[in-house]
Amino acid sequence: MKVESGTLPDSKICKVLRTSLLDWYGKFGRTLPWRNLRDPYAIWISEIMLQQTQVKTVLGYYDRWLQKFPTLKSLAAADIQQVLKLWEGLGYYSRARNIHKAAGKIVAEYNGKFPQEFDRILALPGIGRTTAGGIISSAFNQPFPILDGNVKRILARLVTLPVLLPKANKQLWQLSESLLDRQHPRDFNQALMDLGATICTPKSPKCDRCPWMNHCLAYQTGTPTSWPMRTSSPPRPHKIIGVGIIWSDRQQILIDRRLDDGLLGGLWEFPGGKVEEGETLPECIHREIKEELDIEVEVGSHLITIDHAYSHFRVTLNVYHCHYISGEPKPLESQEIRWVSLDELDELPFPKANLKIIEALRQENS
DNA sequence: AATTCGTGGCG
DNA sequence: TCGCCAAGAAT
């Protein structure tokens, strides 16, 4: 039989694929904390944490979250700072802000009961088509497809999809939907993701253990990792940043809370900014602190230098101690400022790179 | 439609 | 050391 690249096998083969995948899942599927749950709230939290984040990373956060916020109402009643503290280090902090917003919406509009209709789930902040499909199939066993990174890779390989990834989404959704086992949507979707995470991996797929080996066109080419087809990403710019630890006479430190929108939104940080052309680091820090807080400081000794990579740029943080001189500090470019002791830093959410600064402060202080 | 959003692990 | 990429969504 001749098989065309980019198209699904006939319905008979599709049935074989469903059966073999579900059979494989029964034997080799992963045991995960959220897998046997049916509480849509708990499943929702897992789906959001797992966006662009590996299972291994999520495991450390998930149980802690459910312990702190066991119910949707407890979450809705919580302070956003408390929520962000629990999310600290997990990244993509808009996820945490959206979870909190969505919880408030569910309480206000649905009396605290998580909605069971696809369109209502999709309308919640932070939930797109894939997450909505994951929640509704997992919690309610309703037949909606998913299309995460795993499924894109599996399906693109299965049919050797001859389209670059950003443009292939429409076809991939169609493939995921037509392949879905409508009698077992929950297990089928979970099985797809397990297959992608453990067998059909990005770099060295274990094709000899794949239930779909005999039907996979990419396997037959001998170079399955050629799919999905991607465009190379542009190089990430590197920014040099000056950061000030502003000490008061009472051994307190001045910190600011970032605006809710944008990078690291809502988190606390030590003030600072980008070094300009022909400027020394102390000059940069002095200028940035004047611009951001409208105060005068004296820049002192170097504390630590930290290299950190974000998703689309890299930074080097050059951190210096500073001594507060004069002026009433104002949150000119942040939403809040606060003088805190070293111990009080632990109660507030900081970005990962700033946690390294705090660690250095502790070592120097002890 | 193309960007912007964190962090960790891996080859 | 560096680029890739992970249970994507919002704008």
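Starting afresh in each chain, residues are numbered from 1 along the sequence in its written order. A letter from A marks each chain and a number from 1 marks each ligand, given out in the order of writing. Totals for whole chains, interfaces and linings use all residues, but because this is a predicted model, local features are given only for residues with pLDDT of at least 70 and pairs of side-chain atoms are given and counted only at 80 or more. Only hydrogens and water are removed before side-chain values are computed, so all heavy atoms of the structure are retained for them.

Looking at an unreviewed UniProt entry, chain A carries the name Adenine DNA glycosylase, with the source organism given as Roseofilum casamattae BLCC-M143. Recorded in UniProt for chain A, the comment headed Cofactor (unreviewed entry) runs: "[4Fe-4S] cluster". UniProt positions are given in the numbering used here, feature names are shortened, and annotations may be inferred rather than shown by experiment. Under the UniProt heading Sequence similarities (unreviewed entry), the note attached to chain A is "Belongs to the Nth/MutY family."

Draft legend 1. Quick peek at the protein's contact with DNA strand C. Proximity is defined per residue: if any heavy atom of the residue lies within 4 Å of a molecule or strand, that residue is considered near it. DNA strand C sits among 26 residues. The nearest are Leu50, Gly126, Asp148, Asn150 and Ser233. Think of a polar contact as two N or O atoms within 3.5 Å of one another; within protein, one of them needs to be a possible hydrogen donor and the other a possible acceptor, and neighboring residues in sequence only count if both atoms come from side chains. The side chain of Trp34 places a nitrogen or oxygen atom 2.8 Å from a base nitrogen of DNA strand C. Backbone polar atom of Gly126 to a phosphate oxygen of DNA strand C: 2.5 Å apart, as the coordinates give it. Sorting the residues of the surface near DNA strand C by element identifies α8 (129-140), α9 (149-158) and α11 (185-198) as the ones contributing at least two each. For the surface near DNA strand C, a count of residues per class yields seven nonpolar, 11 polar and eight charged. In this text, helices come from DSSP runs of H or I with a minimum length of four residues, and strands from runs of E with a minimum of two, each type numbered from the N-terminal end. Classification used: nonpolar for Ala, Val, Leu, Ile, Met, Phe, Trp, Tyr, Cys and Pro, charged for Asp, Glu, Lys and Arg, polar for all others including Gly.

Draft legend 2. View of the packing of helix α2 (residues 40-49) against helix α3 (residues 55-68). Only the contacting stretch of a helix is used when fitting its axis, a line to C-alpha atoms as for every element, and angles between N-to-C directions run 0 to 180 degrees. Packing of α2 against α3 leaves a shortest axis separation of 11 Å and a crossing angle of 150 degrees. It follows that α2 is roughly antiparallel to α3 by the angle criterion. As α2 packs across α3, the resulting crossing turns out to be right-handed. When α2 is examined against α3, the residues Tyr41, Ala42, Ile43, Ile45, Ser46 and Met49 are found in contact with a partner set consisting of Val58, Tyr61, Tyr62, Trp65 and Leu66. Residue classes in the contact of α2 with α3 are distributed as 10 nonpolar, one polar and no charged. Throughout, the term roughly parallel applies to angles under 35 degrees, roughly antiparallel to angles over 145, roughly perpendicular to angles from 65 to 115, and oblique to all others. Crossing handedness follows the turn of the near helix against the far one: under a right angle anticlockwise gives a left-handed crossing, and clockwise gives a right-handed one. Every residue pair with non-hydrogen atoms within 4.5 Å of one another is taken to be in contact.

Draft legend 3. Helix α10 (residues 165-179), seen in detail. In this analysis the local bend is the angle between axes fitted, respectively, to the seven residues ending at and the seven residues starting at the residue. At Gln171, α10 shows its maximal kink, close to 40 degrees. A 1.4 Å probe rolled over the protein chains alone gives each residue an accessible area, and that area as a share of the maximum for its type sets the label: buried under 20%, exposed over 50%, partly exposed in between. Within α10, the full set of buried residues consists of Leu165, Ala168, Leu172, Trp173, Leu175, Ser176 and Leu179. Contact partners of the buried residues in α10: α1 (11-28), α8, α9 and α11.

Draft legend 4. Examining the pattern of salt bridges more closely. Criterion for a salt bridge: a side-chain nitrogen of Lys or Arg within 4 Å of a carboxyl oxygen of Asp or Glu. Summed over the entire model, instances satisfying the criterion amount to 16 salt bridges. Among the ionic pairs, Arg258 bridges to Glu269, the shortest N-O distance being 2.9 Å. Taken as a pair, Arg258 in the loop between β2 (253-257) and β3 (268-269) and Glu269 in strand β3 lie far apart in primary sequence, 11 residues in all. Relative accessible area serves as the criterion here: at 14%, Glu269 is assigned to the buried category.

Draft legend 5. Main features of the nonpolar core. Trp44, Trp65, Leu75, Phe270 and Leu345 are the most contacted members of the largest nonpolar core, which totals 64 residues. Setting aside its immediate chain neighbours within four residues, Leu75 contacts Tyr41, Trp44, Ile45, Trp65, Phe69, Val83, Ile99, His100 and Ala103. If you look at the next biggest cluster of nonpolar residues, it comprises 36 residues, including Trp24, Leu158, Phe188 and Met193. Among the buried residues, those of types Ala, Val, Leu, Ile, Met, Phe, Trp, Tyr and Cys that are joined through side-chain atoms within 4.5 Å form a nonpolar core.

Draft legend 6. Representation of the UniProt feature "domain: Nudix hydrolase" (unreviewed entry) in chain A. Annotation from UniProt places "domain: Nudix hydrolase" (unreviewed entry) at residues 236-363. What you have in residues 236-363 is 20% helix and 41% strand, and the ends, taken at the C-alpha atoms, are 32 Å apart.

Draft legend 7. Spatial organisation of the packing of aromatic side chains. Put simply, two rings from Phe, Tyr or Trp (the six-membered ring, in Trp's case) pair if the centres are within 6.5 Å, and we call them stacked under 30 degrees between planes, edge-to-face over 60, tilted for the rest. The tally for this structure, following the rule as stated, stands at 10 aromatic pairs. Note on Phe118 and Phe144: the rings are 4.5 Å apart at their centroids and 0 degrees apart in plane angle, and the pair reads as stacked. Residue Phe118 is located in helix α7 (residues 118-122), and its partner Phe144 is located in the loop between α8 and α9; the two are separated by 26 residues in the primary sequence. When its relative accessible area of 16% is taken as the criterion, Phe118 is described as buried. Where Tyr324 meets Trp339, the ring centres are 5.6 Å apart and the plane angle is 80 degrees; that geometry is what we call edge-to-face. Highlighted residues: Tyr324 in strand β6 (residues 314-326) and Trp339 in strand β7 (residues 336-340), separated in sequence by 15 residues. A relative accessible area of 26% places Trp339 in the partly exposed class.

Draft legend 8. Fine view of the protein's contact with DNA strand B. Taken together, 18 residues are adjacent to DNA strand B, and Tyr92, Tyr93, Leu264, His308 and Lys352 come closest. Counting only atoms of DNA strand B within 4 Å of the protein, the sugar-phosphate share comes to 60%. At 2.4 Å, a backbone N or O of Leu264 approaches a phosphate oxygen of DNA strand B. Measuring from a phosphate oxygen of DNA strand B, one finds a side-chain N or O atom of His308 at 2.9 Å.

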